[in-house]
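# What the coordinates show
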Protein chains: 4
Amino acid sequence: MLNVSIIGGSGYTGLELLRILLNHPFVTIKSVTSRQCAGKQLNEVFPSLPPLNLSFVDPSVDDISKDSELVFTCVPHKTAMDIVPKFLEKGIKVIDLSADFRLRDKNIYETWYGPHTAPYVLKDVVYGLTEIYRDSIKNASVIANPGCYPTSVLLPLIPLLQNNIISHENIIVDSKSGVSGAGRGLSLTSLYCEANESFMAYKVGEHRHTPEIEQELSVASKKDVIINFTPHLTPLNRGIFSTIYCNILQKDFDVASFVALYYKDSPFVRIRKGNILPNVSHVRGSNYCDIAFKIDKRNGKLIIMSCIDNLVKGASGQAVQNMNVMSGFDEATALNIIPQYP
Amino acid sequence: MLNVSIIGGSGYTGLELLRILLNHPFVTIKSVTSRQCAGKQLNEVFPSLPPLNLSFVDPSVDDISKDSELVFTCVPHKTAMDIVPKFLEKGIKVIDLSADFRLRDKNIYETWYGPHTAPYVLKDVVYGLTEIYRDSIKNASVIANPGCYPTSVLLPLIPLLQNNIISHENIIVDSKSGVSGAGRGLSLTSLYCEANESFMAYKVGEHRHTPEIEQELSVASKKDVIINFTPHLTPLNRGIFSTIYCNILQKDFDVASFVALYYKDSPFVRIRKGNILPNVSHVRGSNYCDIAFKIDKRNGKLIIMSCIDNLVKGASGQAVQNMNVMSGFDEATALNIIPQYP
Amino acid sequence: MLNVSIIGGSGYTGLELLRILLNHPFVTIKSVTSRQCAGKQLNEVFPSLPPLNLSFVDPSVDDISKDSELVFTCVPHKTAMDIVPKFLEKGIKVIDLSADFRLRDKNIYETWYGPHTAPYVLKDVVYGLTEIYRDSIKNASVIANPGCYPTSVLLPLIPLLQNNIISHENIIVDSKSGVSGAGRGLSLTSLYCEANESFMAYKVGEHRHTPEIEQELSVASKKDVIINFTPHLTPLNRGIFSTIYCNILQKDFDVASFVALYYKDSPFVRIRKGNILPNVSHVRGSNYCDIAFKIDKRNGKLIIMSCIDNLVKGASGQAVQNMNVMSGFDEATALNIIPQYP
Amino acid sequence: MLNVSIIGGSGYTGLELLRILLNHPFVTIKSVTSRQCAGKQLNEVFPSLPPLNLSFVDPSVDDISKDSELVFTCVPHKTAMDIVPKFLEKGIKVIDLSADFRLRDKNIYETWYGPHTAPYVLKDVVYGLTEIYRDSIKNASVIANPGCYPTSVLLPLIPLLQNNIISHENIIVDSKSGVSGAGRGLSLTSLYCEANESFMAYKVGEHRHTPEIEQELSVASKKDVIINFTPHLTPLNRGIFSTIYCNILQKDFDVASFVALYYKDSPFVRIRKGNILPNVSHVRGSNYCDIAFKIDKRNGKLIIMSCIDNLVKGASGQAVQNMNVMSGFDEATALNIIPQYP
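Residues numbered from 1 in each chain as written. Chains lettered and ligands numbered in written order. Predicted model: local features only at pLDDT ≥ 70, side-chain atom pairs only at ≥ 80, totals over all residues. Heavy atoms only, no water.

## Let's talk about the interface of chain D and chain A
Residue-level contacts link 48 residues of chain D with 48 residues of chain A. In this assembly, chain D packs against chain A so that about 3900 Å² is buried in total across both faces, 50% of it on carbon and sulfur atoms. Looking at the side of chain D facing chain A, the largest losses of area belong to Glu197, Phe199 and Arg298 of chain D, adding up to 18% of the total buried there. The interface formed by chain D and chain A includes six salt bridges. Note that Lys176 of chain D and Asp174 of chain A form a salt bridge whose closest N and O atoms lie 3.2 Å from each other. Here chain D is connected to chain A by 33 residue pairs in polar contact (both at pLDDT 80 or more). For the side of chain D that touches chain A, the class distribution of residues is 22 nonpolar, 14 polar and 12 charged. (Contact = heavy atoms within 4.5 Å. Buried area = accessible area lost by both parts, 1.4 Å probe. Salt bridge = Lys/Arg side-chain N within 4 Å of Asp/Glu carboxyl O. Polar contact = N/O pair within 3.5 Å; in protein donor to acceptor, adjacent residues only side chain to side chain. Nonpolar A, V, L, I, M, F, W, Y, C, P; charged D, E, K, R; others polar.)

## Things to note about the relation of the copies chain D and chain A
With an RMSD of 0.0 Å, chain D superimposes on chain A once it is rotated by 180° and translated 0.0 Å along the axis. What the superposition gives is, in effect, a two-fold axis relating one chain to the other. No C-alpha of chain D approaches the rotation axis more nearly than that of Pro235 of chain D, which lies at 3.2 Å. A symmetric contact is evident, with 100% of the interface residues of chain D recurring at the interface of chain A. (Least-squares fit on C-alpha atoms with pLDDT ≥ 70 in both.)

## Here's the deal with the side chain of Asp96 of chain A
All names here are of chain A. Summarising the element assignment, Asp96 is placed in strand β4 (residues 93–96). Within the buried core, Asp96 has no salt-bridge partner, and the shortest N-O distance to an opposite charge, that of Arg102, equals 6.7 Å. Separated by 2.8 Å, the side chains of Asp96 and Ser98 make a polar contact. With sequence-adjacent residues up to four places away left out, Asp96 is seen in contact with Thr73, Ala80, Val84, Phe101, Ile143, Ala144 and Asn145. (Helix = DSSP H or I, 4+ residues; strand = E, 2+ residues; numbered from the N terminus. Buried < 20%, exposed > 50% of the residue type's maximum accessible area, 1.4 Å probe, protein only. Lys, Arg positive; Asp, Glu negative; His and termini not counted.)

## Describing the domain arrangement of chain A
Residue and element names in this part refer to chain A. Domain assignment breaks chain A into domain 1 (2–146 + 313–327) and domain 2 (149–310). Between the C-alpha centres of domain 1 and domain 2 there is a distance of 24 Å. Each partner contributes to the interface: domain 1 provides 28 residues, whereas domain 2 provides 32 residues. Of all residues in domain 1, Tyr12, Trp112 and Lys313 give up the largest surface area on contact with domain 2, accounting jointly for 28% of the area buried on that side. Put simply, domain 1 and domain 2 have three salt bridges between them. In this structure, Arg238 and Glu16 form a salt bridge, with 2.8 Å as the shortest nitrogen-oxygen distance. (Domains from an automatic or database assignment.)

## Examining the pairing of strand β2 (residues 27–33) of chain A
Every regular strand shows the same layout, with side chains that alternate between the two sheet faces. All names here are of chain A. Of all seven residues in β2, five are buried; the element is thus mostly enclosed. Relative to β2, strand β1 (residues 2–7) runs parallel, the two sharing six bridges. Bridge assignment links Ile7 to a residue of β2, and that residue is Thr33. The parallel pair β1 and β2 is bridged by helix α1 (residues 12–21), and the resulting crossover is right-handed. (Pairing = 2+ DSSP bridges. Right-handed = clockwise from strand over helix to strand, strands pointing away.)

## A few points about the relation of the copies chain B and chain A
Two copies of one chain are present, and they are related through a rotation about an axis combined with an axial shift. Once turned by 180° and shifted 0.0 Å along the axis, chain B lies on chain A with an RMSD of 0.0 Å. Both copies share a contact surface, since 100% of the interface residues of chain B are interface residues in chain A too.

## Concerning the sheet that holds strand β9 (residues 227–233) of chain D
Residue and element names in this part refer to chain D. Read from one edge of the open sheet, seven strands run β8-β9-β7-β10-β13-β12-β11, paired in mixed fashion. Unpaired on one side and paired on the other, β8 (200–201) and β11 (269–272) mark the two borders of the sheet. With eight bridges joining them, strand β10 (residues 240–247) and strand β13 (residues 301–308) adopt antiparallel strand pairing. Paired with Ile244 across the strands is Ile304, a residue of β13. Packing against the sheet, helix α10 (residues 255–262) makes contact with β11, β12 (289–296) and β13, and its axis sits at approximately 155° to β12. (Axes fitted to C-alpha atoms, helices over the stretch in contact; angles between N-to-C directions.)

Dropping the structure here:
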């Protein structure tokens, strides 16, 4: 059994880790920490959970390190950079769900997020997009779990850029997210009456997932990729849908078959052909990324549709997928969740 | 392995049976039938499902009977009464999700639904409210799976009536259902723009679940129980919430502890105490029935709140629970689904 | 022209007052106050509003009293009791949307809300349920605008109790509210992901609208009325739906026609007959209260369905209706809003 | 008074015309036709409407022509091409809300929609994008009321193309629509449980509004414009949000001020500057089109956000706006509707 702890477990990603890990046959949850909820039963904070007799705690890194072999850090960025190095020093493996270690270049991080206090960790970090970095993840001690938007964008684009099927220029990403992407914190835009019957773009040209996407696309294409990225907020609990516009270099290329082959050993990537197009409702609650391609022959544009559940493949599900790979378990263990529809 | 088939599998209850049974370790799905969808892949009709390589078929009862030991009939009422007897004649066990065999008295059935063509089956039917009829279900050949509203109402009330804790008179049931209760058929009231930002009562004093609830309450209380039942439609996909008003006979009785004890061996009934009240979001996707009690000491009323996921405990989940009991499997097999929140 | 100001205008009731009053032919809005938003343009805080060139201000009572003849106080209870008397001293008419002056009996107020610092005002207050107290409102200097739940409950019940058509005992009120009833403040239960796909009861047997309802029902019946009141939260922006159960004294009485006659001069009460039942979507954005009646002859219960838009008839619309009556305008001025459907 | 009739009034655009026209001081509604609902009271089909004592009828063109000076045709495309010419022959003005007369080139129409049986009418048709074609609309006898998507896309783009501020190449339009855009007909994708908690693209590269948008952009730019247009379905009742990506020719151009000046006499176009970005909730129920611009200086892309209420500015509101212009009324008559928020 693998002993794990969840650091900062009182938000939606913490709850989603619990939902998945409580069904994991090879994992024991040792501690779930939360400064704010310490002392409360997990069931009190999250009444959806089954009876557990487990309380939130607020122990020291030392205490957690005594009985945990791996921790999931679900704390905000800027906090993660303080905590993650401490676990690594103790020899504890870390899967970090914050943004703090996703950008390999400290300078780019600091442009978008401000000062980084633990840049020396960056060289050891593996970017946890499982399907792409599976081999490096196997031996990693610290994983930067990808952002939700980047996961939905990178899975379809990386195979195409690696193989020069599309141009690395003029890539436009128009993404739509459900409200749980903003977390469980109190904010005006997260209120029901503000988000319901509402649709808007936000942080246009300024969203912090932009450099993360560009970093990985640049690695794939071996060129500097600059994209347009526009996130939108849409009234649903879960789900990210990305519509991506790019220029295909060979108009008659069978993109869907190529990408399906590329991911033939990746159980969570579903390439849609024919009449079935991706829909966030088809992946709800699951670790799937559904992808479809359409070439507009009138102007040579390739339109890509890609969707995930932001709390699963976009956060906690992919984190468990990475844990499975790091621990030698079957990659899909505890993740064979059939989407809940409707 | 138990070989089962799903008869009429192209609706939401069929899909939900698939979601549960595909994870069942002791069940093999032999056929999923649908006249309308015959020939289509299950994934084509329900793209949320994982890759299955299984198609809808439209075989004869004979053909199904060759390889199935148990069938779930998910056809409309009036159709079930034609099909169920045919399977029983072949020695196939049946769990019927329609209303056709829920009312023990043919005359009451005919008052609410019209002519019954297979009343001779009624004597063999066990009403499939698992927690109450577990022992009879073990040896049953045909189960009438309870309606969604009745399940939410009966679980809290039966222990109280059996033990004379409340009066059998003046029971008022005010229930609220999500839209999936109406199924996947096309109707004006099921349209998004009609049901969204909408709340209404319907079939006031006339809903067909009324005699079903009254039948079981009368059995429990050994008196003729007449209730008021008012169903409402509320804008959510899944969930039934019933608020029940009744007269408690002993004002200081600790109802919650009593009912918790009554259901101590029933893993899917959760009695809520303290500050946590039932919410359909706490049971979404799961087989739980969450119940809370509150006595208004000013007038001796007991207010009961009860909620379920109408597609799980209110339909397909309870059907699988009954199958487990009939087959000697642990009652919770494949049903340990942690609710998806949010 | 009537000069009015809105005190505490940065919430949903303030915005709704603006939506209505900006179309009022006989009203000039002098000031809209907000401590929190002072200095900001109204359009900045509420971009839905048309271009206005009007800013939130935070002036003294003195300053407002110089140019306003009537104020709408939209501040929280406990704050209203400080402000309202000051305006009254200056001879300014007040329509108070808080709960502070709704309960005539200081002791009952203090049981439910805590200390009242301005009980001497209570004797002058008229309870602003326009249809019932129209004559007193004409000459009132201070109006306690009714709560949203009470409005939906009192309009159907008062005519029946006044005329001994129903018993004053065993009245059960099961109400369901949209999320805007909780205002625009930040709270966990008001978050989109908490309220969406969610349905729950809250404050069961403890909601502060209970004594307000009981007060007015007792006046109508000339007996002490004690009710059961259970509010629920339902996922919609606007709307309250109340289902009321009571005992009818004459089983064959034509309740609908009687109540329709009672309200024949009240343009905002619509009595539904035949197949059309009330639905919050039918009143959205309007000042209507839609009501239907159904007698369950099996047990003599009268089931009443009643719905309003909580922000209009349940708050700002009724406030303007009261202002119209107080000012000698036609009662429906600026309130002939056709519901927006869908 | 202008006598008008609504042909095919039982859908959402018919209802929305009624909501607006019933408040129009210079219009009398003579007939509302519907084959399906003939004989039923309007209030019976649309209980949201105020008491009207008006029934759906199914008269001949002759009968309508006797008392109506102008008709709104809300029938499906292919049906409109039969009816519109008949009214024109009688000298009745027509505002057609279908797609049948929007494309000036019969051949393009036939490529996307199939045979056109009344191409001789096309030469008289004025495309009813009021802000652009106001002068021609004044004297028109037949108006092709624009599609909902095109309205949201054309209003921001036309001024920029007319003035060579952006390139006519590589324009990408990513649009998101609420469900009412699909009308009130019964279809699987319009069901609540299918559309709620759902987000998908549809008719990718194939939507029939594509040639309509391209036609008007080509007129504006005097070049053949080919765009990418991807519509999406988002879970809200009303609203279209279009995100448009194009190449700006002068990177430092103040686009917002330019377009604001362009529309200075158009009361329904609101150009957003600063922090306030368009949101469908800001225009709900109103005739506004809210637009914002953002230049991504890293790659010279201009990102345009534009939103409307699809049933108002995208259909019935714009139709009334056109009627006002045709009839010499103030363009905003009956359209000064303040958006309902939340």
